[in-house]
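Summary of the model geometry
Chain by chain, the residues run as shown.
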Amino acid sequence: GGHRGLTKVEMEYRAASQGAVDFVFSRRSGISREISGAISPESASERRYILEPMPSAILRLVCSVVWAMSVVVASAGVMTFVHDRVPDMEKYPPLPDVVLDHIPVIPWAFEASEVCIIVLAAFFMITILFHEYRLQVLRRIFAIIGSVFLLRCCTMLVTSLSVPGVHLKCKPFPVHMTTEDKLWHAWKIASTLGSSLQGTRTCGDYMFSGHTAMLTILARFVGTYTPESWTLLHNICSALNGAGMFFILAAHEHYTLDVLMGFYIATRTFQSYHTVANSEGGCNRTRERTKRWFPMVSFLEEHTLGVLPNTYQIPWGEKLEATLGGASQREGDSPSRGRSTTPLNTAATNHDGDAALLALGEHTHLHRE
């Protein structure tokens, strides 16, 4: 009765936890009428993702990879620029830090944090290898990495903090260093992803910690896209995340504020992206708002409805099964194997039996007439 004054109201209601149900309010009846049956969240998500064309998924993955690689190149340029602006260590000593003031310097700690990143990356690659929607997960991680490190470019550029450790030999580039030498330094940072295990040393890129951001992003992705029952793996990833952050502080390569901000920004970006992506299946008003405030997420998650299901498969399993099945069939048809031709005889017998039944049916029909 409360809807009789409305000309026409259409409300689409989709809930990932209870299914997707569309309701239409009509002026004549004034009551809600269900026009599509409720479906489970798993079937809703799978239906939308299965319907996504492969060229579309590949295109969006390529776009996210280009986005991430562009930010990596920009980060290398910014890190080279801030290296040349690093404050003089004699004039600007390390800032007071509650944690660093009570932790002695461990020389190998920073390399240990990168080992934690490598282990988490290996877990993530194994997860991607067997995840059915690997293209969607890959485009999400590249999009999030690009967004986080673009923000890091801004924070590094606007403020230059003093060197956090007196053992670090950081000073601006020599005056005689040419532009080509600086470009080569930026290329070395980009090609090695700033890894100290490959001999790359940087200065001035403190706010915020990129190593902490990578640790956190990888740990969150492994925890999200693996089964919930794999608590041991999730605990290992969380331990590696925490250990890597401790090693960064123990090496005095970053202030505690850098590490905390890296963890906070990475987790919030991860959560915000997935919240927006999971709501992409909502009404048109939600989609328009998403396009306005999150254009990249709206483009990448255009075919998303609900939470991405964690289903797994053997890579190229169908092709492998078809290949093995074709080989087995060829072996079965080969006369050299001494196989009998019983299936063909059975087919002929069945054909004769069908003919006999057909004749019997016609006879019965004539008899009734």
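Reading guide: rules and limits
Residues numbered from 1 in each chain as written. Predicted model: local features only at pLDDT ≥ 70, side-chain atom pairs only at ≥ 80, totals over all residues. Heavy atoms only, no water. Phe/Tyr/Trp six-rings, centres within 6.5 Å; stacked < 30°, edge-to-face > 60°. Buried < 20%, exposed > 50% of the residue type's maximum accessible area, 1.4 Å probe, protein only. Helix = DSSP H or I, 4+ residues; strand = E, 2+ residues; numbered from the N terminus. Lys NZ or Arg CZ within 6 Å of the ring centre and 35° of its normal. Polar contact = N/O pair within 3.5 Å; in protein donor to acceptor, adjacent residues only side chain to side chain. Contact = heavy atoms within 4.5 Å. Disulfide = S-S within 2.5 Å. Salt bridge = Lys/Arg side-chain N within 4 Å of Asp/Glu carboxyl O.

1. Side note on the packing of aromatic side chains
Going through the model one piece at a time under the given rule, you end up with 5 aromatic pairs. Seen from their ring centres, Phe 221 and Tyr 225 are 5.7 Å apart, and the 25° between their planes marks the pair as stacked. Take Phe 221 and Tyr 225: they sit in the same class, and that class is buried. Aromatic side chains Phe 221 and Phe 270 sit 5.1 Å apart centroid to centroid with 80° between the ring planes, which places their arrangement in the edge-to-face category. Here Phe 221, found in helix α6 (residues 210–224), pairs with Phe 270, found in helix α8 (residues 256–278); they are 49 residues apart in sequence, far enough to count as distant. Taking relative accessible area as the criterion, Phe 221 reaches 0% and is therefore assigned buried. Pairwise contacts between aromatic rings join Phe 124, Phe 221, Tyr 225 and Phe 270 into one cluster. The cationic tip of Arg 60 hangs over the ring face of Phe 299; the distance from NZ or CZ to the ring centre is 4.7 Å.

2. Digging into the side chain of Thr 226
Its location among the elements puts Thr 226 in the loop between α6 and α7 (231–250). By relative accessible area, Thr 226 is classed as buried at 2%. A polar atom in the side chain of Thr 226 sits 2.5 Å from the backbone oxygen of Val 222. If near-sequence neighbours (up to four positions away) are discounted, Thr 226 is found in contact with Thr 127, Leu 233, His 234, Asn 310 and Tyr 312.

3. A look at the state of the cysteines
A complete count under the given rule lists 1 disulfide for this structure. Residue pairing for Cys 170: its cysteine sulfur links by disulfide to Cys 203, the two sulfurs lying 2.0 Å apart. Taking the torsion about the sulfur-sulfur bond, which here is approximately -75°, the covalent link between Cys 170 and Cys 203 counts as left-handed. Of this pair, Cys 170 sits in the loop between α4 (134–158) and α5 (179–192) while Cys 203 is found in the loop between α5 and α6, placing the two residues 33 residues apart along the sequence. Looking at Cys 170, the relative accessible area reads 9%, which means it is buried. Cys 154 forms no disulfide, and the closest cysteine sulfur to it belongs to Cys 153, at a distance of 6.7 Å.

4. So, the pattern of salt bridges
Per the stated rule, a full pass over the model turns up 6 salt bridges. For the salt bridge of Arg 60 with Glu 302, the shortest nitrogen-to-oxygen distance reads 2.3 Å. Of this pair, Arg 60 sits in helix α2 (residues 54–83) while Glu 302 sits in the loop between α10 (295–300) and α11 (317–333), placing them 242 residues apart in sequence. The exposure class assigned to Glu 302 is partly exposed, which follows from its relative accessible area of 39%. Within the structure, one salt-bridge network assembled from shared partners comprises Arg 139, Arg 140 and Glu 301.

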